[in-house]
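What the coordinates show
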Amino acid sequence: MDYLRKKNLVETLRERIARDDPTFLVCVGLQILSENSEESPGCKGLGVISAVPCVRFPPAVRVPQQAWNVVTADNGCKFLKTGNAYFSNSYCLRSIPLGWRAATSEHGVLFVSALERGKVLATQFHPELSGSYGLALMKSWIISSLGLHVPPTPSPFYANAEAVKRQRISVGREMLHRVIPCLDVRDGRVVKGVKFSGLQDAGDPVQLALEYERQGADEIVMLDITATNEKRQAAMETVSALSACLSIPLTVGGGVRSLEDAKTLLQAGADKVAINTAAVRHPELLKELSTYCGSNCVVIAIDAVQIWSEPPEWEVVISAGKEKTGIDVVEWARTAVQMGAGEILLTSFDRDGTKSGYDLKLLQAVSSAVNVPVIASGGASSAEHMVDALKAGADAVLAASIFHYGEMSVEELKRILGKSVPVRIPVSYEDARDPWSPKREHQTTQCVIPSIDLINGHAVQLVGGDPEKLKIDAGDPIPIAHRFRLAGEIAVIDLDAALSRGSNETVIRKLLSEAPCRVGGGIRSVERARQYLDWGAQRVIIGTAAKPELLKQLPRDRVIVALDARHGEVVVDGWQTKTGRGVAELIEELKPYAGGFLVTFVEREGLMQGIDLSAVRRLAKLCNEGELTSRLCVAGGITTVEEVRALDQLGVEGQVGMALYSGRLTLADALLAPVTSERADGLMPTVVVDQQERCLGLVYSSPESVAASVESLRGVYWSRKRGLWQKGLTSGNYQELLAIRTDCDRDALQFVVRQQGVGFCHLETYSCFGQRRGIAGLMHTLEERRLSAPVGSYTKRLYEDPVFLKSKLIEEAHELGDAATKAEVAAEAADVLYFALVACARTGVSITDIERVFDQRALKVSRRPGNAKPQHDQSKLQPATNVAAAVHAAQPPPPNKQAEPCAAAPCSSAPAAVNTNEAKVDAEQEEDSTPLLRRLRPQEVPRGRRMAFDERSAAIAQKIVKEVQSGGLDALVETAVRLGDLASPQDKLFYSPQELEKAFRALDRDTRQLLRRTADRIKAFAESQRNSLQSMRTSVPGGRAGHLVTPVPVAGCYAPGGRYPLPSSVLMTALTARVAGCASVWVASPRPQPVTLAAAHVAGADGLLAVGGAQAIAALAYGIRDPDSPDRYLLPACDAVVGPGNRFVTAAKQLVAGTVQIEGLAGPSELLVVADESADPAVVAADLIAQAEHDPCAVPILISLSAELVDRVDAQLRAQLRVLPTADTARLALANNSAAVVVSTIRDAADLADLYAPEHLEVQTRDAHEDAKLFQHFGALFIGAGAAEVFGDYGAGPNHTLPTGGTARSTGGLSVLTFLRVRTFIEIEDVATPAAQLLTRDAAALAMLEGLHGHAASANRRLRDVDSLQQDELTSSGSNSDLLALPGTTPCSPAAVPSAGIAASAGSPRERADGTNLVLTDPCSLPPPSLSDPALLSASMRLAIAKGRMFDNVAALLREAGVNMSVGGRNLRPTIDMPNWDIKLLKPRNVVEMLQLGTRDVGFAGTDLLEELSATNVVPYFNTKLDPV
């Protein structure tokens, strides 16, 4: 008051309060409203409150009240709500003044904790230190003061009001005990040790403090542990940073030696200062401090060491325990309080850091000797230790290690403490988010899931899941579902099936047709789960049977795993059997296979005693962390609106049963639980839409109107003029209510309705925005015309003549099939739709009915092949003549696309009426007999190279590769986010070896052992490969030469991240690189699942890049630098990049192939099975299916020596596909890319297989071992029926990364050799030996033949008589005929060269008539070729020559070789005088394409085309000595 008087503010304050100007008074601010106070006798207050003095708390309680306390607000309060707040006071108002609304608390006596009147608010507590409760209070007051509306709906901060009130009753007059994390700080970091020695880093103080506040800490203590010994103040920057972010009290100690030091800390943001050593040396400092800032800001820190006596005594130690004082601890505590200390921080130095528990006798001795709060410190490691300390007399407990090292969270600790002593309700009840702009932690579309539990066809509710404890029998579930569906999905649980005592299947199928349902109970097989999904279940809930092997056969997003837990332990078999496993453990294990989890707290089920929000928060965090997230739904005890709101804030669905059935919670209240309104009147904007979600209008709703809507199942709204308003009640234009939804921000509603009558608008239009348009408008018109079409009109005829309508439908469907342009397709589609809608209107089918069918089909997981029925299959009406179109492996169709049918045949304009049911049965029978393997003739099987990617893929890959190469980390992250590898730029990009190992350790034991066994087999085979190739040396003239076999330093291994994880690809690539000896091995795989990370660990990878596609290949090839340290690589540039992938990966690998080693360009996977009549058709079919299920582009081919076997294999395919979970994919591959070819002999089979050169080749014949010797071209060979291709896929030893697309003719698969370099060396020790001199002369002569005079000079420098050679080293005239003849050599004319050059460029040896190969050796040692040479005359050659200037040059080259070629007539057909040579004159592009297809042997083209078309086996043009066009 003296300060206010000095500043002339006393009257100003009185006038503000009298005018009801916004005024907020805190702590002493409330007391000065009174006329007088015992704290300052004779000092007058503002006198706003008269006859109500401020008095001191009674001596029986701790003073000052340094604690959190329960604040209970009157119902009529505008700002004040019930909650927990932080107090620091010794005096209080004991009664509520007249004219004020109040909140009260207890501390020995009932006292006023806050007052409000109009815009004046006064609090005895400190709202700025009261966490989320205080922040919400201040914000609501500020918003109101600015004239903004305060939402009438309780905010999330007050969701715990009822629980707080219950706590007030249980606490009575006892303070809430505090839990205080301690931050021992050194050099700006939190450290922890034992007795301040052996200190280890524990983290950043600000981050830790924020986390502890979020968990529910009551205060934070920061001790600068070296400040005293270093004779300095505590770190001010750290204090300021902590103060700026915290909304709970902060006590700071360390280095406080004077009043000025304390002032500096308080000004930096500390709420209290702790003093230790300086107070012992100068006790009067305590009095100075309490005089300046009050005793409530002064904490005396006492470090005690026990003197071993009986009874025990303790001595005060100072300077971080290094100096004994001889002062008795209890006496020093009394003295310190008398000198002005308001709180004692008592640390047992004997126990500090030992985790052996507090010194309870010390606590009892000190707390009983003083009347101020005592904080126990030193030695805590468990909740039991803290309960003991609080019962021994401590008012608060302080701990560090158990929090810093994650042994227990504050929240978990408080849950345990709360069972024994009163503590503040954990922060999980008071979400620390801004209530005025609520943002939920994770998005949910539905906050409450109503539950229908079925027994004997009735909806029931049990207590504790016990069928003997039937609480409610609600009867027929259908009417209940009609109401519950307003919320969205309904949980339908078959309790009879769960208890293995029957089934409610019939009722469930009816429910599925009435409402969106998730179904559970007794689902123990894949077949049963798929059956429910096919019947229309949105999701299936699987409990006891939820094992990875079952779940992985179902679509992840349609699976909810039910984890029923009794006191944290999962129970199964209808809650009858304990498993010994925890909920969190099973969530981590099953998360890769489940899109959601339903966690039921069995001990709370049916009791309506509330949900365990602390446990829910932990589970929600677990479900939403990592690459794969899962939705969480909880059940068991949910009873109140506050609980539903709190769950929604966590992004968790609440499954509610008993509370809804019993009336404790209404469906309307549950639906509105998360909703807030920003309007002054509290109304909620409501958008009304029809079943097609077309907007009908905007209205407003209130809680009362929503309750009426739910009760009547009609559209009831709140009119600002009429109040409660059922729209259309008198006109008949009402709305049937189908669903109530909330928007993403939870501040608006959507009513989905079925509009009746004319329409929604009072102007009698369908909507407030006009009439229906488009398809909906057409349908409405047709429905009206059905009743009013004039006799003889076209529409009337369509309605009355079904044969005519059918004819028009067929006619228009054919025209749509023939349409080509965009305009034609649109016009013909409109015609088809018109007649289809006429057929619908004629029978009363609405658009909603059609959409429901689509929705039902979309929910099915079983798929039929979708082939045309025989009578409509145009491909059967006209045979295919295009052989190239017969096999689609070269250009596979996109996934989920059927092969395009042939052109439609004309149909009859007046089809005969047929029995549709009989026709359907016949069609299905014919479809079942339709071969799954496409029959081809041998000549129709494609041969030659098949492209692994198209031009568009190459262009996209090239753009990505360039961006990542130039843009580095930023470009990689941007591309990964854009293409879906990462959800956001903050997602994890790199995994360290430690993280890979952690993922491995987290797997179940069986999976770990499986990975180890597979790796051992791969490793053993790779080591044998490695040992087969060794370094060598041999003699050469004058010395020695040889080769060294060494690995590339860095290997990059790509593993796809498709529908399922592919750990086998990781092992096959990375482990092979390790065996080769690569110093560094990196793996790249998009969205890696735990088993992928684990496989990388088993393979010995140095890290994993969580990115896929072309961007991953670019990153591996060029490396990724650290932007903060450009000299450091986050990912090193690899020397070899290997592994299979999609077409973009393959295109990218080709782009970087000049920079790094690659193993090949992988296209769609291929299997070719050669089988005779001895083969088991079931085994052959299983192998073909195993190939087909890879993806829709996979190629399964059967070459059989028996036509009967093909039919039997086809039958087996059909049978096995019926039960295969991946049948949809396999059927697509079989329909689009399969082939079955019948041949006469095993030699024919081998010839055909060699032309195709498959990736995988199986030989299943009677004499497979001998027959296998006939096959030459394949990636991997599997001999005999026992050698399944799948063994190669999954680690028998040989690698499964193999050549595809016909490249097996020229390369092999990935192996150790891929990562090895064979580097040759030459060491000439004595160049003077005759052999070395001859080598030198030969080298010089060959160099001159090739026109490379520098090369010749280099060799000549090593001749013994160099001077005699100077004259010979003259530059030639440039004519090919003027080659020099060196001593000891024979001149070689150019005419001898070209024939050798042509043969070399062909790249394929030709056979002589006698079966031996024509081999051309040193051209200078051969005579010029003769046209009568039998070898040349018998050899066949297919040439492709480009038109234009290149033709002239090639003709000149051939003439020099003695071969004449000419072009005659206008048809441009060239002739050649070689009997077995065939020449085609083509466009340049066609030359390259025909060579790639293998239809030409030799061709000539420009380098630009060779690069563009990815040509291989190229002889550089310059080597032919032609003019480089």
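Quick notes on the rules
Residues numbered from 1 in each chain as written. Predicted model: local features only at pLDDT ≥ 70, side-chain atom pairs only at ≥ 80, totals over all residues. Heavy atoms only, no water. Helix = DSSP H or I, 4+ residues; strand = E, 2+ residues; numbered from the N terminus. Buried < 20%, exposed > 50% of the residue type's maximum accessible area, 1.4 Å probe, protein only. Contact = heavy atoms within 4.5 Å. Pairing = 2+ DSSP bridges. Axes fitted to C-alpha atoms, helices over the stretch in contact; angles between N-to-C directions. Salt bridge = Lys/Arg side-chain N within 4 Å of Asp/Glu carboxyl O. Core = buried A, V, L, I, M, F, W, Y, C linked by side-chain atoms within 4.5 Å. pLDDT = per-residue confidence, 0-100. Disulfide = S-S within 2.5 Å. Left-handed = near helix turned anticlockwise from the far one by under 90°. Nonpolar A, V, L, I, M, F, W, Y, C, P; charged D, E, K, R; others polar. Parallel < 35°, antiparallel > 145°, perpendicular 65-115°, else oblique. Phe/Tyr/Trp six-rings, centres within 6.5 Å; stacked < 30°, edge-to-face > 60°. Lys NZ or Arg CZ within 6 Å of the ring centre and 35° of its normal.

**Topic: the overall build of the protein**
Check the secondary structure of the protein and you find 54 helices and 58 strands. For the protein, with 1525 residues in total, the buried portion stands at 51%. Pairs at least 24 apart in sequence give 66% of the contacts found in the protein among residues at least 6 apart.

**Notes on the sheet that holds strand S33 (residues 684–689)**
Strand pairing within a sheet occurs via backbone hydrogen bonds; the two strands may be parallel or antiparallel. Sheet architecture is open: four strands sit in the order S34-S33-S38-S37, paired in mixed fashion. Looking at the sheet topology across the chains shown, the edges are occupied by strand S34 (695–701) and strand S37 (735–742). The sheet shows a mean angle of 25° between the axes of neighbouring strands, direction not considered. Here S37 pairs with strand S38 (residues 749–755) via seven bridges, running antiparallel. Along S38, the bridge assignment pairs Leu737 with Val753. The sheet strands contacting helix H26 (residues 703–712) are S33, S34, S37 and S38, and the helix crosses S37 at an angle near 125°.

**Some thoughts on the environment of Leu1335**
Looking at the element boundaries, Leu1335 is found in helix H48 (residues 1330–1345). For the pair formed by Leu1335 and Leu1359, sequence separation is 24 residues and the distance between their alpha carbons is 9.9 Å.

**Concerning the pattern of salt bridges**
As a working rule, side chains carrying opposite charge can pair if their charged atoms are close by. If you walk through the whole model with that rule in mind, you get 50 salt bridges. Across the pair Glu219 and Arg178 runs a salt bridge whose closest N-O atoms are separated by 2.3 Å. Taken as a pair, Glu219 in the loop between helix H6 (205–215) and strand S12 (220–224) and Arg178 in strand S9 (residues 178–186) lie far apart in primary sequence, 41 residues in all. Asp1122 serves as the salt-bridge partner of Arg1128, at 2.7 Å between the closest nitrogen and oxygen. What you see here is one network of salt bridges that share partners, running through Glu489, Arg518, Arg539, Arg631 and Glu653.

**Some points on the nonpolar core**
The tendency in soluble globular proteins is for nonpolar side chains to be buried side by side. If you look at the biggest cluster of nonpolar residues, it comprises 94 residues, and the most contacted ones within it are Ile452, Ile542, Val561, Phe597, Leu632 and Val634. Examining the composition of this core, we find that seven residues originate from one element, helix H22 (residues 613–623), more than from any other. Formed by 80 residues, the second largest nonpolar core is a distinct cluster that contains Met222, Cys297, Leu362 and Val372.

**Remarks on the confidence of the model for the protein**
Parts of the model with low pLDDT should not have their predicted coordinates read in detail. Averaged over all residues, the pLDDT of the protein is 82; the fraction at 70 or higher stands at 84%. When the criterion is pLDDT under 50, residues 150–163 qualifies, and its contacts beyond four places in sequence or with other chains add up to 41 contacts. Long-range and interchain partners of residues 1362–1428, a stretch whose pLDDT sits below 50, account for 78 contacts in this model, where long-range means more than four residues apart.

**Re the state of the cysteines**
Tallied over the entire structure, the rule returns zero disulfides. Note on Cys27: no disulfide assigned, nearest cysteine sulfur contributed by Cys297 at a separation of 9.1 Å. Among the residues examined, Cys27 registers a relative accessible area of 8% and is labelled buried.

**Description of the sheet that holds strand S50 (residues 1235–1238)**
Ordered by their spatial adjacency, five strands build an open sheet running S50-S49-S48-S51-S52, and the pairing between neighbours is parallel. Sheet topology places S50 and strand S52 (1276–1279) at the edges, where each strand pairs with a single neighbour. Here the average twist between neighbouring strands, direction ignored, is 15°. Bridge count between strand S49 (residues 1195–1200) and S50: four bridges; the pairing is parallel. For Ile1197, the partnering residue across the bridge sits in S50 and is Ala1235. Here helix H43 (residues 1203–1217) sits on the sheet in contact with strand S48 (1166–1171), S49 and S50, set at roughly 145° to S49.

**Structural notes on the pairing of S52**
Of the two faces of S52, only one is covered, namely that formed by Ala1276 and Phe1278; the face formed by Leu1277 and Ile1279 stays uncovered. Across four bridges, strand S51 (residues 1256–1260) lies against S52 in parallel orientation. Bridging across to S52, Glu1258 finds its partner in Phe1278.

**Observations concerning the environment of Ala392**
Take Ala392: it is sitting in the loop between helix H13 (383–391) and strand S20 (396–399). With relative accessibility at 13%, the residue Ala392 sits in the buried group. Separated by 33 residues in the primary sequence, Ala392 and Asp359 have C-alpha atoms spaced 9.7 Å apart. The contact partners of Ala392, leaving out residues within four places of it in the chain, are Leu360, Leu363, Gln364 and Ser367.

**A short note on H22**
Of all eleven residues making up H22, nine are buried, and the element is well covered by its neighbours. Burial in H22 covers these residues: Leu613, Ser614, Ala615, Val616, Arg617, Leu619, Ala620, Leu622 and Cys623. In the core, the buried residues of H22 are packed alongside H6, helix H15 (410–417), helix H21 (583–590), strand S30 (596–601), strand S31 (631–635) and helix H23 (641–649).

**As for helix H19 (residues 526–535)**
In terms of burial, H19 is largely enclosed, as eight of its ten residues are buried. Among all positions of H19, only Val526, Arg528, Ala529, Arg530, Tyr532, Leu533, Asp534 and Trp535 are buried. Just beyond H19, the residue with positive phi is Gly536, at close to 120°.

**What about the packing of helix H11 (residues 329–339) against helix H12 (residues 360–367)?**
Where H11 contacts H12, the two axes come as close as 9 Å, and the packing angle between them is 35°. The interaxial crossing formed by H11 with H12 has right-handed handedness. Residues Val329, Val330 and Ala333 of H11 touch H12, and the partners they reach there are Leu362, Ala365 and Val366. Its residues assigned to classes, the contact of H11 with H12 shows six nonpolar, no polar and no charged.

**Regarding the packing of helix H16 (residues 477–484) against helix H18 (residues 505–514)**
The contact between H16 and H18 brings their axes to 10 Å, and the two run at 30°. Relative to H18, H16 is oriented roughly parallel. Considering how the two elements wind past one another, H16 and H18 form a crossing that is right-handed. Mapping the contact onto sequence places Pro477, Ile478, Ala481 and His482 in H16 and Val507, Lys510, Leu511 and Glu514 in H18.

**So, the packing of aromatic side chains**
A complete count under the given rule lists 14 aromatic pairs for this structure. On the numbers, 6.1 Å between centres and 65° between planes, the contact of Trp68 with Tyr86 is edge-to-face. Here Trp68 is found in strand S3 (residues 65–73), whereas its partner Tyr86 is found in strand S4 (residues 83–89), with 18 residues between them in sequence. Residue Tyr86 is classed as buried on the basis of its relative accessible area, which comes to 2%. Between Tyr717 and Phe751, the ring centres sit 5.6 Å apart and the planes meet at 45°, which makes this aromatic pair tilted. Linking Tyr717 in strand S35 (residues 716–719) with Phe751 in strand S38, this pair joins segments that are 34 residues apart in sequence. An aromatic cluster is defined as three or more aromatic residues linked by ring pairs; in this entry it consists of Phe57, Phe87, Phe111, Phe125 and Tyr133. The aromatic ring of Phe760 is capped on one face by Lys727, whose charged end is 4.6 Å from the ring centroid. In this structure, Lys988 packs its charged tip against the face of Tyr991, placed 5.3 Å from the ring centre.

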